[in-house]
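Each chain is listed here by its residues.
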Amino acid sequence: MDKKTMGSNVLLGLAALIWGVAFVAQSVGMEYVGAFTFNACRFLIGSAVLLPLIWFRGRGKRKTGTENGQGGEKTQGAEGVPGAVGSAGGQQRRRRAVAGGICCGCALFVASSFQQFGVAHTTVGKAGFITALYIVIVPLLGIFLKKKVSWSVWASVGLATIGMYLLCMSEGLKVGKGDLYVFICAICFSFHILIIDYFSPKADGVAISCVQFFTAGILSCVMMGIFERVSLSSIMEAWAPILYAGIMSCGVAYTLQVVAQKNTDPVLASLILSLESAFSLLAGWVILGQKLSPKELGGCGLMFGAIMLAQIPSGKKKA
């Protein structure tokens, strides 16, 4: 492994750590503001944080001449950069970035809302592991898209089912309300990933992300105005978790992922990023003092094994 690849893997690990600790920020933030208020603030901040990245990337493309074709004819503008001058192809990619961002933002709004409500009624560690089940759910949804499901996915489903039972089932064979909300969140995030998979080849990923954060923030503002009593003093009391979730989780970690994934294997990258669930468990224990029983820890172990197993490529992908 060369130094560039190793450095990229370190950046991916840092991104996973930031996302894992973000579950703590979400849990603490709910002590001061409602779920929609918290999401509205963090998503709008996240969208604003990505704007400089879009500008710098567009400026770099213009300097290197990637928007100009041979003979000086402009063939493609800076992808996703507002106001950039480009050809019809570049304008089309920007329109797709906006359309994709809006679709992704709607899915992100639903998923994050369930997650935020769930974090308020369960531990940070549980929330992290249940949310990460989207890695197992996405391949299963691929069945409806007529995609073949490998043996590793079916095996991971079995492990995840046992792990979920150990992690979430109480003695009365009841699933906690918070656990159920987070599981619905994992399903919604799975659809969110499929939407991204459809739009990402057609437009700039950072622009899509910026638009999706803005869309999710606006939708959260609407729901905040309808269902929650907004208090500026409460928002100010929650400034630390809101800024962490908005700047670090949405802006910094996403940027680290974009930069790092250029120089590492995608399978290895997904494995490193899945450490987010383990970091959430550790952060909940260290920062909030939330402890899990041996049975729940065993469930976490099985679910983490399922997450890792689901990412083993099939024989064709290896070839």
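Residues numbered from 1 in each chain as written. Predicted model: local features only at pLDDT ≥ 70, side-chain atom pairs only at ≥ 80, totals over all residues. Heavy atoms only, no water.

Draft legend 1. Main features of the overall build of the protein chain. When helices and strands are tallied, the protein chain shows 14 helices and 0 strands. Each helix and strand of the protein chain, placed in order from N terminus to C terminus, yields the pattern α-α-α-α-α-α-α-α-α-α-α-α-α-α. For the protein chain, the residues scored as buried account for 47% of the 319 residues in total. In the protein chain, the share of contacts with a sequence separation of at least 24, taken over all contacts with a separation of at least 6, comes to 82%. Total accessible area on the protein chain is roughly 15,700 Å²; 68% of this is exposed by carbon and sulfur atoms. (Helix = DSSP H or I, 4+ residues; strand = E, 2+ residues; numbered from the N terminus. Buried < 20%, exposed > 50% of the residue type's maximum accessible area, 1.4 Å probe, protein only. Contact = heavy atoms within 4.5 Å. Areas by Shrake-Rupley, 256 points an atom, 1.4 Å probe, with all protein chains shown as cover.)

Draft legend 2. Focus on the layout of surface pockets. Considered as a void within the structure, the second largest pocket measures approximately 250 Å³ in volume. Surrounding the second largest pocket, 15 residues form its lining, L133, A160, T161, M164 and F183 being those nearest its centre. At the level of elements, α5 (134-141), α6 (151-168) and α7 (177-199) are the ones that each hand at least two residues to the lining of the second largest pocket. The leading source of residues in the lining of the second largest pocket is α6, at 6 residues. In the lining of the second largest pocket, the residues fall into 13 nonpolar, 1 polar and 1 charged. (1 Å grid on protein atoms, 1.4 Å probe; cavity = no way out; pocket = protein on both sides within 12 Å on 5 of 7 lines; lining within 4 Å. Points joined across faces, edges and corners; volume = space filled by probe spheres on them. Nonpolar A, V, L, I, M, F, W, Y, C, P; charged D, E, K, R; others polar.)

Draft legend 3. Expanded view of the pattern of salt bridges. All told, the structure shown has 2 salt bridges when counted by the stated rule. Ionic pairing is found between K126 and D179, a salt bridge with its closest N-O pair at 3.6 Å. One end of the pair, K126, is in helix α4 (residues 124-131); the other, D179, is in helix α7, and 53 residues separate them in sequence. Owing to a relative accessible area of 11%, K126 belongs among the buried residues under this scheme. You can call D179 buried: its relative accessible area is 4%. Taken together, the shared-partner salt bridges in this structure form one network comprising K126, D179 and E296. (Salt bridge = Lys/Arg side-chain N within 4 Å of Asp/Glu carboxyl O.)

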